[in-house]
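Residue-level structure breakdown
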Amino acid sequence: MLNNQGRPTGIEDVNASTNGYQSYTGSRGLSQVEGLIYEIGDKNRTGVDLPEVDDFESCLGGFERTEEIGLAGLTEPEAMRHYTRLSRKNYAIDLGFYPLGSCTMKHNPRLNEKMARLPGLSDIHPLQPISTVQGALDLIDTLAHWLKTLTGMPAVAMSPKAGAHGELCGLMSIRAALEAKGDARSIVLAPESAHGTNPATAALCGYKVKPIPATKDGRVDLEAMKEALGPDVAAIMVTNPNTCGLFEREIIEIADAVHAIGGYFYCDGANFNAIVGKVRPGDLGVDAMHINLHKTFSTPHGGGGPGAGPVVLSEALAPYAPIPYVVAGDESFDIVEHDTTGKSYGRMTAYHGQMGMFTRALSYMMSHGSDGLAKVAEDSVLNANYVLASLKDIMSASFEGPCMHEALFDDRFLKATGVSTLDFSKAMIDEGYHPMTMYFPLVVHGAMLIEPTETESKQSVDDFIGMMRHLVEKAKAGETERFTGAPYNAPLKRLDETGAARKPILRWTKSEDE
Amino acid sequence: MRYLPLSTDDRAEMLGKIGVGDINDLFADVPPHALLKELVDLPLHMTEMEVEKNFNAFAAKNVAAGSVPFFVGAGAYKHHVPSSVDYQIQRGEYLTAYTPYQPEISQGTLQTLYEFQTQVAQITGMDVANASMYDGSTGCGEAALMARRVTKKKKILLSGNLHPHYIDVVKSATKYTDDVVITNDPTVNNTESLLDQVDAETSCVIVQNPDFFGNLNDYTEFAAALQEQKILLIIVTTEIVALGAIKSPGEMGADIVVGEGQSIGNGLNYGGPYVGLFATRQKYVRQMPGRLCGETKDADGTRGYVLTLSTREQHIRREKATSNICTNAGLCTLAFTIHMTLLGEKGFRQLAKINHAGAVKLRNKLQNVNGLTFLNKTFFNEFTVRLNKDAAEVVEALVEHDVIAGVPASRLYPDNDELKNDLIIAVTETTSEEDMEVLVAELQEVLNA
Amino acid sequence: MTIYYSEDHEWINVEGNSGTVGITDYAQNALGDIVFVELPEVGDDFAKGDEVAVVESVKAASEIYSPVSGEITAINEELEDNAALVNTSPDGDGWFFKIAISDDSELEGLLDEAGYKNFITGLE
C-alpha cells in the first residue's frame, strides 16, 4: 500500500489564497509578535544562578532598599528567545545594503570582535597598576601612530568617546590655545551644510556660531567666508569631504584665510573614509580633526553606539590636549593622568577612552594595511560615483560629480508625483533595503544622501541601482500609494511620531496594564 | 584583501560607466600636491593569523583581572557577565545596525531601549531615563549643564567625595560656559558639610552614593532642604549594583541621577566603552540630554516604538540643543538590559547581597592584619583602609606576588599627602574566599616587613 | 480691538494696552503637526524681536519672536497638554500669551490683515 502521509508537498496542491487570514497570535510566520519583558517575565524569575549567602552583619548603616524595584526577570531560555525575536525586527549591515550617507555603514569584520574579547585586553581595569597594563598602553600608542601617520598630524588625543565628543575636544584645545595667548574670541564659523553636532559643540564651548553659505556647486563660499572672518573668529569648522559628498576644492585657501586672521581650522573628519590612505589632512592645513573609529575604521555601530572619536592635533594645539595620554619610554610605557604643564584644558571622561573600540579599529587597520586602506578610499569613492552615474539620468543629482564616497540627490525628480523623500524611503524598506540618509544635508530640498561604502560588491550595488530605477519609474508612473502607504512589508506599518511626541510614554508602568 | 569585494575587472567596468579612465580622476578636486603618490608609511595588509599574533602579543603584556586575586574598583568593577549576553550582542542584527532612525525596521533596538529606559528608571527610583550617555562621568557633566537649564542659575557645588575623574569632567564641561564650579577636598571618613555652602546662585549639588571611598549616605533630608531653595540634587552612583541593596536616589529625593552602568553586562575593557545611565523627574524631561525612545502605534494601531522628543537634540536644534551627543553607548546599553533581565528583581537583589556580604567578609578578615586601619563606618562592596606605608608602593609590591590589591588613593590624588597611605579595596561576586585569604596574608607580610 | 500681523507669522490682538499673541494659520500649516510649545513665564519682560517662545513639530523647532515689547501677563496653559490646539485653532484657542504692551508705537511697524495676506501671497 502506498504511504501518502505528509502529502501534498508541491505548492500547486496548496490553497494559495490563504495569505489574507488574520492570525490568532498577530504573528506572521517568522515575523513574531513579542511583548515587553514586563509582560512576559515577573519578579520571581531569574536567568542567573547565584549562591546563597550565610547570615552576616550588614554594614549598610540602615540605608537598606526596602521597597520593590519592579524589575521583571526571565530564565535563560526565555531571555534568549526574547532578544533573538527582537533582533529579527532590526535591519542590519549583515542583512543587506545600508546606504546611510554620512554614517559609513561598512562591513564589521568579526576578527575585530574576537580581538577585543581576548581576556588580556577586555578583562583589564583602567586603574590597575601601570606595570600590569603595558600591552594596553602599547596598543594605544600603536593606534596613535597609525592615526598620526594616516592624517599627517603630529599629535592625537585618544580619550574622546564619539565624534561629537571629539569635536568638543578639538574646539576646547583651540580655545585653550587662544586663551593662553590672551586672545579671547567669540565666534566659530560653520557652513550651512554642517552636521548638527558642529553648532551644538561650538555652543558648549561658549562660542557663537555664524553660518557660512554654500556656493551653487555645493561647497563653502570662500568669498562669503573671507568676509565673515575677523579678529573675533576663533575657528572655522569644515567637514571635508563635505556633507554634500564633495571634496572642498578650495580647502587650502580656506585654511590659509582662517590662519591669516589668527584662527584655527577644525576639520570634521566624519567623512575621512573617502580619503584614508590617499590624502593626509595635515597636508591641507588642518589644525584639529576627529576621527570616527566607528565609521572609517569599522567598529560596529551597535544600534547607536558606542563609538570613539580620537582627535589629531597640530603642533600648536598639542600642548592643550586633554589628559590622559600615553608616553612611550625606552623600555616601558607610561600614562600621564595628571597635567603637570598647566596647559591641558582638562579631562573629557573618566579613565582613558574607548579601549574596546581602539582594539577593533587597530585590528581593522592592520588587516587592511597601508595598501588596503588606500583601496578602501578608492573603492568607496568608486562605488558612490557608480551609483551617481547610474541614477543621475532619472533622479536629480544635486551637484556635478565626481563625488567622493557619497552621492547626494534631491527631490526635484519627484516633483508632481505626490511622493515625498520620506515616502520614497519607506518604499525602499518594502524592497528589502535600508533607506539612505534623508533630509540631510539641509542645503538641498528633500535630500537623499547615498553612501554605499567599499564593502558592497558590484553585484550588490547593481541590485540597488536596479531597485532604485524601478521605484523611480513607479513614482513617475503615478503609483503613488505604493509610496505614501509604505512600508507594507516591514514588521510594522508607518509609526505615529506625532502622537509619540505629543504625549510621551517613555517607560513601561504597571498601572498602564491594570 | 578579504574585506573588499570589487575585482580589478569590476573596477575597470565601473570606471567605464562613470566615464573616467583612472580612479584618481575621481579625486580631481583634491589639490594635486595633497594626493599621495605613494602609500603611507605603515605595514601592508595582514592575514587574520598575522593580526591575531599582534594582538596576542599585546594581550600577553597585560595582567587580566580574572587571572589573579583582584580588588580594584573605584568606579569600574569586575563582575561576572552571563554567556548569553555576549552571544546576543554579537548577533549581527544588533551589532551591525545603525541608530534606529527608520523605526519600521528597527523595532528590535527600539524595544530594547524602551525596556532599558524602564529598568534604569526603576533602579534609580526616578520617573524617566534616557537611552544612555557615553559613560557615568560624561553623564555627570551633562547633568550639571542640565541643572543650569532647569534652574537658570550657574553655581555648581561638588562633593569632595565625588569620583575625581567625574569632578574633572564637570570642570571641563563647564570650563567655557560661564558656570562656576565649587569643589571640596575629599574626606575619607565622610565628614563633609555641603548645605552651608549653597546660596541663591546655586543651581545644583552633585554627590556620589556610595561615595568614592565607599561610604553610604542618606540624602533624604539634604534633598528636602535643597528643594526648598530650588536647587537640584544630582546623585551619582558609579557602582550600580549597590542600588539592589541601598535606598534609591529617587526615594531620597534626587532630581537627576547619573550612573555608571558598566557593572551590569559590560566588561572592564580598560575604561571603555561603558554605559552612562541618566534619569530624572518627569517635569524636567524636555531639558534632558540624549536620545529618548517612546511608545506609539503604527498605521494599523499596533504598538511600536520610536525615537522621540528629538527637538532637544543636535541634529534638529543645532546650537540650542540640550547636548551635542549623537552616538551614545548603544550596544553597551543592550548588554546592560539583557543582563538585568536575566537577573530580574530577585537576581539583582541577590547579586547586591553577595557583593555586600563579600565586602563584609573581607573587612572581617582584614581586621586581623596589623598596620591597617578602617576608615568607613558604612560601605557596600568597597571600602578604604589606611595603611602604615605608602599605598602605591604596597600595591606594587603585591603585584610581584600576583595580587592586585586595590586602587591607591594617590593614583587619583597625587598631590594630597593625607591620602598617601589610603587604599581603596573592592569586592564583587567574582572574589573568592581564597582570593581574600591571599590578600590578607600578603598584606600582613608587606605591612609588617 | 485690532489685529496686527508680523512678517514672522505672528498675530497680535490688541485691546487697550494688552496684546494676545499667537501664530497664523499659514504658519501652523507650514510647521505641520505641532507637538509642543515652549512658553515664556508670566512676569518675564521682552523687547520687540526677542525670542519669546518655541514651537516644535516632530522634526523641527521654530523660534517665535515677540512682536512688541512688554511684560507677559498670561500664558495659554491649555497648550501644555494640548499643543494640537495651535493646528486646529491657531487664531482662537491656540493663542500663546498675553503681553502688556509698553510702547504703542511699535504696532505701527506691523501689518494689517490685508497687508499680511499680500505678504504671504508673495511667499508662494
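Per chain, the residues get numbers from 1 upward, laid out in the order the sequence is written. The naming scheme follows written order: chains are lettered A onward, ligands numbered 1 onward. Under the rules for a predicted model, residues below a pLDDT of 70 receive no local features and side-chain atom pairs below 80 are neither given nor counted, while totals for whole chains, interfaces and linings still include all residues. The basis for every side-chain value is the complete set of non-hydrogen atoms in the structure, without hydrogens or water.

**Some points on the pattern of salt bridges**
Note on definitions: salt bridges are taken to be side-chain nitrogens of Lys or Arg within 4 Å of carboxyl oxygens of Asp or Glu. The tally for this structure, following the rule as stated, stands at 56 salt bridges over all chains. Between A:Glu39 and B:Arg303 there is a salt bridge, and its shortest N-O distance comes to 2.7 Å. Here A:Glu39, found in helix α1 (residues 37–40), pairs with B:Arg303, found in strand β9 (residues 303–307), and the two come from separate chains. Three labels apply to residues, based on accessible area from a 1.4 Å probe with only protein chains included: buried if under 20% of the type maximum, exposed if over 50%, partly exposed otherwise in between. Overall, the relative accessible area of 28% leaves B:Arg303 in the partly exposed class. Several salt bridges converge on common partners, so that one network encompasses B:Arg286, B:Arg317, B:Lys320, C:Glu51, C:Glu56 and C:Glu63. Runs of E in the DSSP output that reach at least two residues are strands. Runs of H or I that reach at least four are helices, and both are numbered from the N terminus.

**Quick word on the interface of chain B and chain C**
Contact definition: two residues touch when any of their heavy atoms are within 4.5 Å. Contacts between chain B and chain C engage seven residues on the former and 13 residues on the latter. What counts as buried area is the accessible surface, traced by a 1.4 Å probe, that two parts surrender upon association, with contributions from both included. In total, chain B and chain C occlude about 690 Å² of area from one another, counting both sides; carbon and sulfur atoms represent 43% of this. Three residues, B:Arg286, B:Thr311 and B:Arg317, lead the burial of chain B against chain C; their summed loss comes to 61% of the area buried on that side. At the surface where chain B touches chain C, the tally comes to five salt bridges. Among the salt bridges present, the one from B:Arg317 reaches C:Glu63, with a minimum N-O distance of 4.0 Å.

**Observations regarding the interface of chain B and chain A**
Think of interface size as the accessible area that goes away when the parts come together; that is how it is often given. On the side of chain A, 208 residues touch chain B, which itself brings 192 residues to the contact. Ranking the residues of chain B by area buried against chain A places B:Tyr176, B:Tyr270 and B:Arg411 at the top, with a combined share of 6%. Where chain B touches chain A, the interface holds 14 salt bridges. Nitrogen and oxygen atoms within 3.5 Å of one another constitute a polar contact, given that in protein one can donate a hydrogen and the other can accept it, and given that sequence-neighbouring residues count only through two side-chain atoms. Joining chain B to chain A, the criterion identifies 113 residue pairs in polar contact (both at pLDDT 80 or more). The greatest single-element share of the side of chain B that touches chain A, amounting to 23 residues, is contributed by helix α11 (residues 330–366) of chain B.

**With respect to the domain arrangement of chain B**
Residue and element names in this part refer to chain B. What the domain assignment reports for chain B is domain 1 (67–80 + 345–447) and domain 2 (83–340). Using only C-alpha atoms to locate each centre, domain 1 and domain 2 end up separated by 27 Å. Facing the 30 residues of domain 1 at the interface are 31 residues of domain 2. Of all residues in domain 1, Phe348, Phe380 and Tyr413 bury the most surface against domain 2, accounting for 26% of the area lost on that side. Elements with a contribution of two residues or more to the side of domain 1 that touches domain 2: α11, β11 (382–387) and β13 (422–426). Per element, the largest residue contribution to the side of domain 1 that touches domain 2 is five residues, and it comes from α11. Broken down by class, the residue content of the side of domain 1 that touches domain 2 amounts to 15 nonpolar, nine polar and six charged. For the purposes of this description, domain bounds are those given by an automatic or database domain assignment. Each residue is assigned to one class: nonpolar for Ala, Val, Leu, Ile, Met, Phe, Trp, Tyr, Cys and Pro, charged for Asp, Glu, Lys and Arg, and polar for all the others, Gly among them.

**Re the pairing of β13(B)**
It is a general feature of regular strands that their side chains alternate between the two faces of the sheet. Residue and element names in this part refer to chain B. Extensive coverage of β13 is indicated by the burial of five of its five residues. Of the two faces of β13, the one carrying Asp422, Ile424 and Ala426 and the one carrying Leu423 and Ile425 are both buried. Two strands form a pair only when DSSP identifies at least two bridges running between them. Pairing between β11 and β13: five bridges, direction antiparallel. Pairing of Val385 across the sheet is with Leu423, part of β13. Judged from the two bridges that link them, strand β12 (residues 407–408) and β13 form a sheet pairing that is antiparallel. Considered in β13, the bridge of Val407 is made with Ile424.

**As for the sheet that holds β12(B)**
Residues and elements named next belong to chain B. Strand order across the open sheet formed by four strands is β10-β11-β13-β12, with antiparallel pairing between neighbours. The open sheet terminates on both sides in strands that have one partner only, identified here as β10 (372–374) and β12. Where α11 meets the sheet, its contacts fall on β10, β11 and β13, and the angle it forms with β11 comes to roughly 15 degrees. Between the N-to-C directions of two axes lies an angle of 0 to 180 degrees, each axis being a line fitted to C-alpha atoms and, for a helix, fitted only over the stretch in contact.

**What about helix α12 (residues 458–476) of chain A?**
Expected helix span is computed as 1.5 Å times (number of residues minus one). For α12(A), built from 19 residues, the straight-helix expectation of 27 Å at 1.5 Å per residue is met to within 8% by its first-to-last C-alpha distance of 27 Å. Among the residues making up α12(A), those that are buried are A:Lys458, A:Ser460, A:Val461, A:Phe464, A:Ile465, A:Met467, A:Met468, A:Leu471, A:Val472 and A:Ala475. Buried residues in α12(A) make contact with α10 (355–391), α11 (421–430), β13 (448–450) and α13 (481–484) of chain A together with α1 (8–18) of chain B. Two residues or fewer after α12(A) comes A:Gly478, characterised by a positive phi angle close to 90 degrees.

**Section: the packing of helix α5 (residues 107–124) of chain B against α11(B)**
Residue and element names in this part refer to chain B. Relative to each other, α5 and α11 sit at 50 degrees, their axes nearing to 10 Å. It follows from the interaxial angle that α5 and α11 lie oblique. As for the relative orientation of α5 and α11, their crossing is left-handed in sense. Contacts between α5 and α11 pair Thr112, Leu113, Glu115, Phe116, Gln119, Val120 and Ile123 from the former with Thr333, Leu334, Phe336, Thr337, Met340, Thr341 and Phe348 from the latter. Considered class by class, the residues forming the contact of α5 with α11 number eight nonpolar, five polar and one charged. To sort the angles, those under 35 degrees are grouped as roughly parallel, those over 145 as roughly antiparallel, those from 65 to 115 as roughly perpendicular, and the leftovers as oblique. Handedness of each helix crossing follows the sense of rotation of the near helix against the far helix: counterclockwise by less than a right angle gives left-handed, clockwise gives right-handed.

**Here's the deal with a negative patch on the surface**
All names here are of chain A. For patches, a residue must show more than 30% relative accessible area and have no salt bridge; joins then use 9 Å for like charges and 5 Å for nonpolar side chains, namely Val, Leu, Ile, Met, Phe, Trp and Tyr. All accessibility values rest on the Shrake-Rupley procedure with a 1.4 Å probe; residue burial counts only the protein chains present in the view. For the charge count, each Lys or Arg is scored as positive and each Asp or Glu as negative, with His and the chain ends excluded. Working definition for charges: the position is that of NZ of Lys, CZ of Arg, CG of Asp or CD of Glu. Taken together, the side chains of Glu223, Glu227, Glu250, Glu253 and Asp256 define an acidic patch exposed on the protein surface. Taken together, the elements giving at least two residues each to the negative patch come down to α8 (222–228) and α9 (251–260). The residue Glu223 is located in helix α8 in this model. Taking relative accessible area as the criterion, Glu223 reaches 52% and is therefore assigned exposed.

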